[in-house]
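Now for the letters of each chain:
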Amino acid sequence: MIEAHELTKDFDGFRAVDTVTLDVPAGSVLAVLGPNGAGKTTTVRMLTSILQPTSGWAKVAGYDVATHPEAVRANVGVLTEQHGLYERMKAIEYLDFFGQVYHLPASVRRQRAYELMERFGLTFALSKQLGEYSKGMKQKLALVRAMLHDPPVLLLDEPTSAMDPQSAKLVRDAIIELQRDKRTFLITTHNLAEAQVLADRIAIIRGGRIIANGRFEELARQFVGEPIVELKVQGELNGLVHDIEDLVQVEESGINWLRYRVAEPSITNPILVRRLVELGVELIALSPTTQTLEDIYLQVVKEDEMNGGAAHEHLH
Amino acid sequence: MGAQRMNTSTNPEVMPASAYLSGNQSRASSGRMLNNALIITRREVRDSLRDWRIMGPIIILTLLFPLLAQFVAGQFSTFLQGFGAEVIGGRTIPFLLMIVGFFPISISLVIALETFVGEKERRSLEPLLSTPLSNTELYVGKTLSAILPPLVASFIGMSIYLFGLFNSVETAWRPPAALVIQIFLLTTVQGLVMITGAVVVSSQTTSTRAANLLASFIIIPITMLIWIESAIMFLAPDAESPNGIGSLWAIIIGMGVVVALLLRVGNSIFNREELLGRTLDKIDIKGFFRGVWSRVLAVDDQGTKASNIFVWYRRSIPLSLRNLGFAVPITTLFFILAVVGGYIFGMIGSYQLRLPEGLSLQDAAQYVDAGLLFTGNAVFEVLMQNWRILALATLFGVFTFGSMAFVLTPTVYFIIGYLASQLLLSGYSPTFLIPALLTHGIIEIPVIIIATAAALKLGAVVTRPPRGKTVGQAWSAAFSDTVKLWLGILLPGLLLAAIIEVYITPAVVAAFLSAP
């Protein structure tokens, strides 16, 4: 549904996006992570046909962003970095205006506006001027605007920023529900926990380049290694590390605990438990430590920094 | 609330994406374009109507100022009647009508700057740019929204003034209907010039503050124009003609052309790339000239530097000549038309010179041969004269989208055509003009054509930058070509032509004239 091949954008000698290649199938969510100025917004703007790529190509909903910009924009809903509402308008007028722009008939405009406003808990504010909206309400209304014409592709820039936890959950639920209905999402965010929950695939962009791209498990394995399991025993370890080193690779240990890395926990762990029983060790707990997207992200960025890939490329 | 499931089915009533397919082919008709533009216009006008900063001045200027102007007109007429100067009082009436119309229309500049730059500043433009509306629809919609409220206010204000005037017992003088129509038209084109100019200004800035500063480039010429129009209304010999004032018609037509050109420039500039790509109000004169110089030296579009002057002449100069494109044949055609036009003009009885007849051209040859035509540092003077004309043509071209590049240089050819006709009419053979012009003209004429074509291109390129280039990039490339052609062809060509014109042409002409 979203395909990009070596997408590149230069601005006056500055390369903002550098040969970005993406593939987001229908009904999936891609989270694009990266520091400020990494090229996320420029990538989204190219995928919305607002900016023309300097080189490379991209197709959104089957339309080429360079040759069919209006068809692309008709098929995407965009939540921009700045929600940019018209503060002197009322919410219902605002949505009606965008509904007209997308050529929705009057009855459909009204119906969609009410449905979505109700979905995001904003019905009470339909006739309020947008200048009176709180930051979170504005963000939700901007999201309603993006979904108003029921597009097959949604490009969301920080969809839950400025929202309270309850509102953020509402938005996450809406994304999951729409995803089930085969809507495709590209979400740029700094909220790693949210990205981990929502995304089927994760792309990390830095200095305009994609430096990591894959499913969470793939990235975890590639960048932070095999899962780590923590073992806790009654009393002291007393040479236990040595006794099990033929089974697992112990990463670190304390007085009564140790952590080991294991490639196939379902095979190795039962053998390990049997060994502990044979050795007469009293086991208190055997639990996997959690790998987070934050661990992966920090590791990816660290490796990229070590490879000298941070600096933006200046053209000659 | 949260449990309610959204209706996510694709709605068949929504316009299908295929309707937006393939920009030019299936892009909607102009009717649909206007409908889409009007969606923007309605929203923007409603927004303006809710803004007291805009509506306050408009209401005051629309309702109160006409009454004040009407009072002034009455008092002024009564006062001047005492001195027998009714005509001055009378001519103040259309002047005040123009001012009554101009004040509300001046608000359009504020609205335009607010509509374009203000929206950029508030970051509310991007959601709009993310919709399927085309650049032209956005541009037309916003332009209409900036012009309509002030224009309506202006027309209402002028109507109030006229209503008061026609019901006044103090002022007996009534402006001719054509003059009233002219003032309504002038108000409209002035408003359009300000709006379209404001779009150009706003596209070059990212803040209302900067746009307001740059707006003086619009306000000052318009103010000067108002002075000129006022003077015309007072002084024109045809001020009370039932057909209106001739020079005001000329101004209306001229302004109409400027509006058309500015609309074209605005439409080129008002595109998503320019609006979002430009994020800084940065002046980098050094960088600009560095870029120009590297393109002057380049032998290709990639910026490969010429290794020596021969390579530069062989590859770089032809590249810039090719870049002039249609400007060269258009200029050539214009020059031919100027010669023909001059000849036809000379055939019109009232414009004929009536040269003395029966003179001997052979006698004239001795004066030519004696070098009377040139004294002192003639080469330098000829060079400077030609340089001045071509430099002015370039300058005019830059500030008039290329159109005024055709004012100075073709005039010379018009005069040549005219002279040829006068010689013929007086019984002389104009054939001596051929050696007189072509001896140095072999070099000078192509130089003038190239200079004029470059001026045309330099001015016109902003109205339609090549695909994939911003207005700034396109202008900068055309400027580089112009500099290159001046250095490589025009200045050396002018110098050579001046030397021939001073030292060889007189001898050739003298020889031609003295031939039996």
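Here the focus is the overall build of chain B. What chain B contains, in helices and strands, is 20 helices and zero strands. Classification of the 516 residues of chain B by burial places 49% in the buried group. The long-range share in chain B, meaning contacts at least 24 apart out of those at least 6 apart in sequence, stands at 81%. Counting only carbon and sulfur atoms, one obtains 70% of the accessible surface of chain B, whose full area is about 25300 Å².

Moving on to the overall build of chain A. Helix and strand content of chain A: 11 helices and 14 strands. With an accessible surface of roughly 13500 Å², chain A has 48% of that area assigned to carbon and sulfur atoms.

It is worth spelling out the interface of chain B and chain A at this point. Interface size is commonly expressed as the accessible surface area that is lost when the partners come together. Listed per partner, the contact involves 49 residues of chain B and 52 residues of chain A. For the pairing of chain B and chain A, the buried interface totals around 4700 Å² over both sides, and the portion due to carbon and sulfur atoms is 54%. Taken together, chain B and chain A are joined by four salt bridges. One salt bridge in this structure joins Asp47(B) and Arg88(A), with 3.7 Å as the shortest N-O distance. Taken together, the links from chain B to chain A amount to eight residue pairs in polar contact (both at pLDDT 80 or more).

As a further point, take the domain arrangement of chain B. Residue and element names in this part refer to chain B. With domains assigned, chain B is organised as domain 1 (27–277) and domain 2 (324–514). Each of domain 1 and domain 2 was reduced to a C-alpha centroid, and the two centroids are 40 Å apart. Taken together, the contact between domain 1 and domain 2 spans seven residues of the former and 10 residues of the latter. Taken together, the two surfaces of domain 1 and domain 2 that pack against each other cover about 690 Å², and 69% of this comes from carbon and sulfur.

Right, let's get into the confidence of the model for chain A. Residue and element names in this part refer to chain A. Here chain A shows a mean pLDDT of 85. Residues at 70 or above account for 97%. For chain A, helix 8 (residues 216–224) is the element with the lowest average pLDDT, namely 77, and helix 3 (residues 91–101) is the one with the highest, namely 93. Scored below 50 in pLDDT, residues 310–316 makes 18 contacts in the model with residues more than four places away or belonging to other chains.

Here the focus is the confidence of the model for chain B. Low pLDDT marks stretches whose predicted atomic positions should not be read closely. Residue and element names in this part refer to chain B. Put simply, chain B has an average pLDDT of 81, and 88% of its residues get 70 or more. The weakest mean pLDDT in chain B belongs to helix 1 (residues 22–26) at 45; the strongest belongs to helix 13 (residues 309–323) at 92. Within the model, pLDDT remains below 50 along residues 1–27, and this stretch shows 58 contacts once partners closer than five positions in the same chain are excluded.

Residues and elements named next belong to chain B. On the surface, a nonpolar cluster with roughly 640 Å² of combined accessible area is contributed by Ile59, Ile60, Leu63, Leu64, Leu67, Val152 and Ile156. Listing elements by their share of the nonpolar patch, those giving two or more residues are helix 3 (52–81) and helix 6 (135–166). Top contributing element to the nonpolar patch by residue count: helix 3, with five residues. Among the structural elements, Ile156 can be located in helix 6.

This paragraph deals with helix 4 (residues 86–121) of chain B. All names here are of chain B. The end-to-end C-alpha distance of helix 4, which contains 36 residues, comes to 52 Å, matching closely the 52 Å that a straight helix rising 1.5 Å per residue would cover. At Phe103, helix 4 shows its largest kink, close to 30°, and the proline Pro104 lies no more than four residues downstream. Of all 36 residues in helix 4, 28 are buried, a share of seventy percent or more. Arg123 sits one or two positions beyond helix 4 and adopts a positive phi of about 60°.

As a further point, take the sheet that holds strand 10 (residues 209–214) of chain A. All names here are of chain A. Sheet architecture is open: six strands sit in the order 6-7-8-3-9-10, paired in mixed fashion. Both edges of this open sheet fall to strand 6 (76–79) and strand 10, since each of them pairs with a single strand only. With direction set aside, neighbouring strand axes in the sheet form an average angle of 15°. Note that strand 9 (residues 201–206) and strand 10 share five bridges and pair antiparallel. By the bridge assignment for strand 10, Arg206 is matched with Arg209.

Here is what the cut-offs are and how they apply
The residue count restarts for each chain, going from 1 along the sequence in the order it is written. The naming scheme follows written order: chains are lettered A onward, ligands numbered 1 onward. pLDDT decides what is reported in this predicted model: residues at 70 or higher carry local features, side-chain atom pairs at 80 or more are listed and counted, and totals for whole chains, interfaces and linings draw on all residues regardless. The side-chain quantities take in all heavy atoms of the structure and omit both hydrogens and water. By definition, any uninterrupted DSSP run of H or I lasting at least four residues is a helix, any uninterrupted run of E lasting at least two residues is a strand, and each is numbered from the N terminus. Whether a residue is buried, partly exposed or exposed follows from its accessible area with a 1.4 Å probe, protein chains only, as a fraction of its type maximum: under 20%, in between, or over 50%, in that order. Whether two residues are in contact is decided by their heavy atoms, any of which lying within 4.5 Å being enough. Only the protein chains shown count as cover for residues, and all accessible areas are computed by the Shrake-Rupley method using a 1.4 Å probe. In short, buried area is how much 1.4 Å probe accessible area vanishes from two parts on joining, totalled over both. For salt bridges, the criterion is a side-chain nitrogen of Lys or Arg within 4 Å of an Asp or Glu carboxyl oxygen. Side-chain atoms alone can form a polar contact between residues adjacent in sequence; in general such a contact is a pair of N or O atoms within 3.5 Å, and within protein one must be able to donate a hydrogen while the other accepts it. Each domain span listed reflects an automatic or database assignment of domains. Every residue is assigned a pLDDT by the predictor, reflecting its confidence on a scale from 0 to 100. Patches here are clusters of residues that have more than 30% relative accessible area and form no salt bridge, with a 9 Å joining cutoff for like charges and a 5 Å cutoff for nonpolar side chains (Val, Leu, Ile, Met, Phe, Trp, Tyr). In this scheme, a helix's expected span is set at 1.5 Å multiplied by one less than its residue total. Two axes define the bend at a residue: one fitted to the seven residues ending there, one fitted to the seven starting there, and the bend is the angle between them. Being paired, for any two strands, means DSSP has found at least two bridges between them. Convention adopted: a line fitted to C-alpha atoms gives each axis, helices being fitted over their contacting stretch, and angles between N-to-C directions are expressed from 0 to 180 degrees.

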